[in-house]
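# A look at the structure
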There are 2 protein chains.
Amino acid sequence: MKTKPKAVVLFSGGQDSATCLAQACADFGNDVVAVGFDYGQRHKIELEQAKILAELGGVSYRIIDLNFISQLTPNSLTDASIEIDHKEGELPSTFVPGRNLFFISVGAVIARQLGAPYLYIGICQTDYSGYPDCRDDFIKATQQTVNLAMETDLEIRTPLMWLTKAETVTLMADLGRLDWYKESHTCYEGSRPACGKCPACLLRLKGFEEAGISDPLSYQ
Amino acid sequence: MKTKPKAVVLFSGGQDSATCLAQACADFGNDVVAVGFDYGQRHKIELEQAKILAELGGVSYRIIDLNFISQLTPNSLTDASIEIDHKEGELPSTFVPGRNLFFISVGAVIARQLGAPYLYIGICQTDYSGYPDCRDDFIKATQQTVNLAMETDLEIRTPLMWLTKAETVTLMADLGRLDWYKESHTCYEGSRPACGKCPACLLRLKGFEEAGISDPLSYQ
């Protein structure tokens, strides 16, 4: 990289973070650093897909080991012996407490270190699936907190916050990167071709259907 | 432990966190869980001292591996090749960006998991040594952020926030636990007996002198 990066993008290799990376690249070319996390997720295949996507975007990509997260609390996203479900009135079993707070905090430390003024994260209140750490008030509080923690002036950008999944697909089409979705990983079960049945796959497929665009990803 | 713990105490084994643990034990007996962190600190000896102190307090103690922190940014607290200093108008070289945010976030996840309503941390704005993440506004923002992240109602308690080091020593005397200071570790150089010369040792010694109480710790 020749110039100081402008943005750090939290990058899981999923559909939303791929769209978010495409937006950051539209804003800053490849003065962008993608950061992924290994936290014991059962869909670890996303880290491989993230690498492929970062190469497509021409941006650097690094993985931070946050395996301590999966040791803090039981959840079905990091423990395959727990069933993936979502009971009425409860948080989903896939909720990993503190996950986005850890991700953003690490991203903020890296942004400070690199001198990047922006941090992108592809979270979304509209389709937030019951996760409290995907809401806008959480992001606003976190931006204030990380800046107080380090005497920085980082701006957290959430280009997908108020979009439906269909609008996210349309945004990606407008950015001319629809082909990236072939490599993006969504399935909670970690399957490629994707299972097409878990909550994450169903949400993805619904979005494409509503956008009237076909998903380039392979399904079982 | 027979009952659900009332408090998680972030516990480095240093003077301030020992005082904080003593306060939590005064508030809740031994319905308290002490949590320490291995983050590649050069004064790792504090983890051993923390274990001794937790036994003195009759509370359970666990260490969480946060070694990823030392890989994010260079600092003299985790990299012995960097000199410990503090230039005018700059953050101290011992500043580990994001450290207290990571510690509190992990503590909050553990507190949620255990059902403990309180989190204690022995940070202090009065003697804050230039660390922005030891200030009260940071704590208030962080409390809001962790609660938004996990839909919890955790209260972060900072009994030392507005105390001078001398007042902290006096508090420990009032709590009847002055003997714990013999085991508490402060020295940045990781020396036991303590070096007596690094900024942390000097601050500690000044506090005892001002309180008119002698430090039971051994110095070189």
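You'll find the structure just up there.
Below: a short report on this structure. All values derive from a computational prediction rather than experimental measurement.

## Focus on the relation of the copies chain A and chain B
Between chain A and chain B, the superposition needs a rotation of 180° and an axial shift of 0.0 Å, giving an RMSD of 0.0 Å. Here the symmetry operator amounts to a two-fold rotation axis.

## Quick look at the interface of chain A and chain B
At the interface, 31 residues of chain A touch 32 residues of chain B. Breaking the side of chain A that touches chain B down by element, the ones donating at least two residues are β3 (60-65), α3 (68-72), α4 (99-114) and α5 (136-150) of chain A.

## Section: the pairing of strand β2 (residues 32-38) of chain B
Residues and elements named next belong to chain B. Among the 7 residues of β2, 6 are classified as buried, and the element is accordingly described as predominantly covered. The pairing of strand β1 (residues 7-10) with β2 spans 4 bridges and is classified as parallel. Along β2, the bridge assignment pairs valine 9 with alanine 34. A crossover links β1 with its parallel partner β2, the connecting element being helix α1 (residues 15-28), and its sense is right-handed. Bridge count between β2 and strand β3 (residues 60-65): 6 bridges; the pairing is parallel. Bridge assignment links glycine 36 to a residue of β3, and that residue is isoleucine 63. Crossover connection from β2 via helix α2 (residues 45-57) to parallel β3: handedness right-handed.

## Points about the nonpolar core
Grouped together as the largest cluster of nonpolar side chains are 126 residues, with contacts concentrated most on Val9(A), Ala34(A), Val9(B) and Ala34(B). If near-sequence neighbours (up to four positions away) are discounted, Ala34(A) is found in contact with Val9(A), Phe11(A), Leu21(A), Ala50(A), Ala54(A), Val59(A), Ser60(A) and Tyr61(A).

## As for unusual backbone geometry
Residue and element names in this part refer to chain A. The step from arginine 192 to proline 193 runs through a cis peptide bond, and the omega angle for that step is -5°. Its location among the elements puts proline 193 in the loop between α6 (165-174) and α7 (199-211). Although it is not a glycine, glutamate 151 sits at a positive phi angle of roughly 55°. Take glutamate 151: it is sitting in the loop between α5 and β5 (155-157).

## Observations regarding the sheet that holds strand β5 (residues 155-157) of chain B
All names here are of chain B. One open sheet accounts for 5 strands, arranged β3-β2-β1-β4-β5; its pairing is parallel. Each end of this open sheet is capped by a strand with a single partner; those strands are β3 and β5. The average angle at which neighbouring strand axes cross in this sheet is 25°, direction not considered. On the sheet, α1 packs against β1, β2 and β4 (118-120) and is oriented at approximately 170° with respect to β1. Helix-sheet contacts for α2 involve β2 and β3, and the interaxial angle to β2 is about 170°.

## With respect to the environment of Gly212(A)
Residue and element names in this part refer to chain A. For glycine 212, the position within the fold is in the segment after α7. We classify glycine 212 as exposed; it has 9 C-beta atoms within 10 Å. Distance from glycine 212 to valine 169, taken between C-alpha atoms, is 9.3 Å for residues 43 residues apart in sequence.

## Some words on the packing of α6(A) against α7(A)
Two numbers describe a pair of packed helices, the interaxial angle and the distance between the axes. All names here are of chain A. The N-to-C vectors of α6 and α7 enclose an angle of 65°; their axes lie 7 Å apart at closest approach. Relative to α7, α6 is oriented roughly perpendicular. The crossing of α6 and α7 is right-handed. Contacts between α6 and α7 pair Lys165, Ala166, Thr168, Val169 and Thr170 from the former with Leu203, Arg204, Lys206, Gly207, Phe208, Glu210 and Ala211 from the latter. Split by residue class, the contact of α6 with α7 holds 5 nonpolar, 3 polar and 4 charged.

## A closer look at the sheet that holds β3(A)
Residues and elements named next belong to chain A. Strand order across the open sheet formed by 5 strands is β3-β2-β1-β4-β5, with parallel pairing between neighbours. In the strand order of this sheet, the two ends are held by β3 and β5, each with one partner. Strand-to-strand, the axes of this sheet are offset by a mean angle of 25°, without reference to chain direction. Against the sheet, helix α1 (residues 15-28) engages β1 (7-10), β2 (32-38) and β4 (118-120), with an angle of about 170° to β1. Helix-sheet contacts for helix α2 (residues 45-57) involve β2 and β3, and the interaxial angle to β2 is about 170°.

## A word on helix α6 (residues 165-174) of chain B
All names here are of chain B. Turning to α6, its buried residues are Lys165, Thr168, Val169 and Met172. Here the buried residues of α6 occupy an arc of 100° about the axis, which is enough to place them on one side. Positive backbone phi, at 75°, marks glycine 176, one or two positions downstream of α6.

Thresholds applied
- Residues numbered from 1 in each chain as written.
- Chains lettered and ligands numbered in written order.
- Predicted model: local features only at pLDDT ≥ 70, side-chain atom pairs only at ≥ 80, totals over all residues.
- Least-squares fit on C-alpha atoms with pLDDT ≥ 70 in both.
- Contact = placed C-beta atoms within 7 Å.
- Helix = DSSP H or I, 4+ residues; strand = E, 2+ residues; numbered from the N terminus.
- Buried ≥ 20, exposed ≤ 12 C-beta atoms within 10 Å, placed from the backbone.
- Pairing = 2+ DSSP bridges.
- Right-handed = clockwise from strand over helix to strand, strands pointing away.
- Core = buried A, V, L, I, M, F, W, Y, C linked by C-beta atoms within 7 Å.
- Axes fitted to C-alpha atoms, helices over the stretch in contact; angles between N-to-C directions.
- Parallel < 35°, antiparallel > 145°, perpendicular 65-115°, else oblique.
- Left-handed = near helix turned anticlockwise from the far one by under 90°.
- Nonpolar A, V, L, I, M, F, W, Y, C, P; charged D, E, K, R; others polar.
- Arc of directions from axis to C-beta.

The values are spatial; any link to function lies outside them.
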